[in-house]
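Commentary on secondary and tertiary structure
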Amino acid sequence: MSGGYGRQIERMLRDAGCTFARHAKGDHELWYSPLTGRHFVFDRGVKVRHKPIGIPKDAGLDKAF
């Protein structure tokens, strides 16, 4: 991955206690959030700043971007 926000988002998710569940189609991954008790999709190939806003929201975190 080059120039995207994937690593930054992954670090934020892991710091919040979220865990990787499994791979999905393409560069998508399924993660579990202990804050919401739900699974959510994480698009590892995020390259645009406004696009990852939904990922922390799905994980039960405050907006970070």
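As a starting point, this report considers the structure included with it. (Residues numbered from 1 in each chain as written. Predicted model: local features only at pLDDT ≥ 70, side-chain atom pairs only at ≥ 80, totals over all residues. Heavy atoms only, no water.)

Our next topic: the overall build of the protein. When its secondary structure is counted, the protein shows two helices and three strands. Listing the helices and strands of the protein from first to last along the sequence gives α-β-β-β-α. Here the protein, with 65 residues, has 31% of them falling under the buried criterion. By sequence separation, contacts in the protein at least 24 residues apart represent 36% of the contacts at least 6 residues apart. Summing over all exposed atoms, the protein offers an accessible surface of approximately 4300 Å²; the carbon and sulfur share of this is 49%. (Helix = DSSP H or I, 4+ residues; strand = E, 2+ residues; numbered from the N terminus. Buried < 20%, exposed > 50% of the residue type's maximum accessible area, 1.4 Å probe, protein only. Contact = heavy atoms within 4.5 Å. Areas by Shrake-Rupley, 256 points an atom, 1.4 Å probe, with all protein chains shown as cover.)

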